[in-house]
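These are the residues of each chain, in order.
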Amino acid sequence: MNDQAPLPFLDLAAQQARMAEPLRKRIETVLRHCQFILGPEVAELESRLAAFCSASHCVSVSSGTDALQIALMAEGIGPGDAVFLPAFTYTATAEVPLLLGATPVFVDVDPRTFQIDPAHLAARIADVQRAGRLRPRALIGVDLFGQPADWPALQAVASRAGLFTLDDCAQSFGASLAGRRLGTAADATAISFFPSKPLGAYGDGGALFTQSAERAALYRSLRTHGEGTTRYEVLRTGMNGRLDTLQAAVLLAKLDIFESDLAARERVARIYDARLGNRVAIPRRVADATSAWAIYAILLPDTAARDRLQAGLKAAGVPSAIYYPTPLHRQPAYAATHDGAALPVAEDLASRILALPIHPDLSQAQAHRVCDAVLANV
Ligand SMILES: *Cc1c(COP(=O)(O)O)cnc(C)c1O
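Here's what I pulled together on the structure shown here. A quick note: this is a predicted structure, and the numbers were derived from the prediction, not measured. Along each chain, residue indices are assigned from 1 in the same order as the chain's sequence is written. Under the rules for a predicted model, residues below a pLDDT of 70 receive no local features and side-chain atom pairs below 80 are neither given nor counted, while totals for whole chains, interfaces and linings still include all residues. Side-chain numbers come from the whole structure's heavy atoms, not from hydrogens or water.

1. Regarding empty space enclosed by the protein
Here a cavity denotes grid points, spaced 1 Å and computed from the protein atoms alone, that fit a 1.4 Å probe unable to get out, and a pocket denotes an open set having protein on both sides within 12 Å along at least 5 of 7 lines; residues with an atom within 4 Å of a point are the lining. Grid points are joined across faces, edges and corners, and a volume is the space filled by probe spheres set on the points. For the structure shown, the criterion picks out two cavities of 30 Å³ or more. Counted as a void, the largest cavity has a volume near 80 Å³. Around the largest cavity sit 13 residues that line it, and Leu-10, Leu-12, Gln-15, Arg-265 and Pro-360 are the ones nearest its centre. Elements represented by at least two residues in the lining of the largest cavity include exactly helix H1 (12-18) and helix H9 (245-276). Numbering of helices and strands starts at the N terminus; helices are DSSP runs of H or I of at least 4 residues and strands are runs of E of at least 2.

2. Quick look at the site of the ligand
Note on definitions. A residue lies near a molecule or strand when any single heavy atom of the residue is within 4 Å of it. Among the 15 residues in the neighbourhood of the ligand, the closest are listed as Gly-64, Thr-65, Asp-168, Ser-192 and Lys-197. The side chain of Asp-168 places a nitrogen or oxygen atom 2.7 Å from a nitrogen atom of the ligand. For the ligand, an oxygen atom lies 2.6 Å from a polar atom in the side chain of Ser-192. Computed with the Shrake-Rupley method and a 1.4 Å probe, the accessible areas treat only the protein chains shown as cover for residues. Protein contacts shield 93% of the accessible area of the ligand, which totals 380 Å² for the unbound molecule. Here a polar contact is recorded for every N or O atom pair within 3.5 Å, except that within protein the pair must consist of a potential hydrogen donor and a potential acceptor, and residues adjacent in sequence are included only if both atoms are side-chain atoms.

3. With respect to the pairing of strand E5 (residues 164-168)
Along E5, five of the five residues are buried, which leaves the element largely enclosed by surrounding structure. With burial as the criterion, each face of E5 is covered, one bearing Phe-164, Leu-166 and Asp-168 and the other bearing Thr-165 and Asp-167. By this definition, two strands are paired if DSSP reports at least two bridges between them. Bridging between strand E4 (residues 135-142) and E5 involves five bridges; their strand directions are parallel. Each bridged residue has a counterpart across the sheet, and for Leu-139 the counterpart in E5 is Thr-165. Categorising residues by exposure relies on relative accessible area from a 1.4 Å probe, with only protein chains included: less than 20% of the type maximum marks a residue as buried, more than 50% marks it as exposed, and the intermediate range marks it as partly exposed.

4. Describing unusual backbone geometry
In most cases, non-glycine residues show a negative phi, while peptide bonds are predominantly trans. Here Tyr-323 and Tyr-324 are connected by a cis peptide whose omega angle stands at 0°. Even without being glycine, Phe-114 reaches a positive phi, approximately 70°. Looking at the element boundaries, Phe-114 is found in the loop between strand E3 (103-107) and helix H6 (118-131). One non-glycine residue, His-225, adopts positive backbone phi at about 60°. Within the fold, His-225 resides in the loop between helix H8 (213-223) and H9. Overall, His-225 belongs to the partly exposed group, its relative accessible area being 43%.

5. Considering the nonpolar core
Here, nonpolar core refers to any group of buried Ala, Val, Leu, Ile, Met, Phe, Trp, Tyr and Cys residues whose side-chain atoms link them within 4.5 Å. Counting 47 residues, the largest nonpolar core has Leu-72, Phe-88, Phe-145, Leu-166 and Tyr-219 as the members making the most contacts within it. If you tally residues by element for this core, the top one is helix H4 (residues 64-74), at six residues. Residue ranges labeled as domains rest on an automatic or database domain assignment. Counting contributing residues per domain, this core is built from domain 1 (14-255) and domain 2 (257-375), each supplying no fewer than three. The contact criterion used is simple: two residues touch if any of their non-hydrogen atoms lie within 4.5 Å. The residues contacting Leu-166, other than those within four sequence positions of it, are Leu-68, Ala-71, Leu-72, Leu-139, Ile-140, Gly-141, Trp-151, Ala-186, Ala-188, Thr-189 and Ala-190.

6. Let's talk about the pattern of salt bridges
Salt bridge criterion: a side-chain nitrogen from Lys or Arg within 4 Å of a carboxyl oxygen from Asp or Glu. Applying the stated criterion across every chain, the model contains 21 salt bridges. Glu-44 is paired through a salt bridge with Arg-26; the nearest N and O atoms lie 2.8 Å apart. With Glu-44 in helix H3 (residues 40-52) and Arg-26 in helix H2 (residues 20-33), this residue pair connects regions lying 18 residues apart in the sequence. The class for Glu-44 is partly exposed, based on a relative accessible area of 30%. Note that Asp-127 is salt-bridged to Arg-130, the shortest N-O span being 2.7 Å. In this pair, Asp-127 and Arg-130 are both assigned in helix H6, three residues apart and thus about one turn of the helix distant. Among the charged side chains, a salt-bridge network with shared partners connects Arg-124, Asp-127, Arg-130 and Asp-339.

Here it is as structure tokens:
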């Protein structure tokens with residue numbers, strides 16, 4: 001039945017071919033000046049990223065996870081603090097508060113956009129206040145799969161409770177909400193340059209955005225061992241959290257094609273929407289927003305239907321993936337910290353969600369091949 005080569009889930013080689021010459025020049029420049037740590041490309045990247053999302057400050061760091069950690073460290077978050085975050089996200093979102101001794105408090109998500117539910121956030125803050133054991137301190141809202149969370153509603157709930165708001169935008173840099181690129185929707189925004197993210201490096205990397213000069217200065221200090229204004233003055237406990245110059249050089253080349261990459265992802269999403277929308281549950285678009293389409297996830301009726309579809313796709317040479325098979329409150333590492341609140345949507349999504357390939361080098365013909373294979377197996 002399958003007479004065509006399997007499709008890749010992501011095609012970083014094809015993307016590389018589209019920017020081969022500028023990429024080579026960028027890398028060669030670094031090899032010539034040899035400033036491998038905090039070289040000029042790092043500052044250039046930070047100012048271009050800040051301009052891209054109209055943020056006042058950008059501080060590049062060693063990964064998306066480290067961006068989240070530095071942001072919480074700057075607020076002094078630690079033991080006794082409750083950090084609210086969605087139960088349906090990548091593990092790093094919950095790992096970071098735990099590393100700092102704080103307690104993650106899991107919040108359920110919207111069944112069709114998959115984004116954290118502001119009404120349930122309010123309920124979970126009330127749970128923590130009633131129990132009286134933890135101080136509500138911070139919200140890590142996640143922009144899941146490329147779409148923005150409902151930041152206006154989240155900010156309203158968070159500000160009533162006096163929470164610091166951190167946008168985990170690891171998957172969604174390039175998306176916009178109300179005509180504005182993500183990067184300024186919360187008190188601080190963390191992004192990731194993991195190679196498979198919409199703006200990926202060739203290794204680990206990340207960045208923080210904030211409108212606060214004070215926070216930006218803290219982030220710069222924390223990413224370099226808590227250093228002060230002179231090199232060997234140590235003001236606070238920090239970390240080795242810098243972005244490599246070579247990764248900044250790669251990202252500068254990628255930034256030149258980023259907008260066209262985003263448009264190409266949107267074209268694939270539209271083909272999927274149009275051809276699959278009346279046979280399976282397609283992702284609901286967040287209102288007044290654009291998506292970076294890190295992931296295009298559909299919902300099947302149940303786990304058995306998902307298993308059947310995944311097997312059928314595989315036989316047709318179409319890769320698929322499950323983000324995420326287990327909600328965080330069910331993970332062995334985190335279950336003990338969970339207060340037992342019901343999180344039915346996160347559990348339901350984990351049982352029947354499936355991601356289809358989406359990337360800027362997926363041709364229209366390939367997108368239709370994906371759709372043919374889905375329609376033949378649902
Ligand atoms: C990828 C990701 C992270 C972590 O980013 P790294 O750069 O891999 O450390 C954090 N949160 C979410 C939601 C992610 O998808």
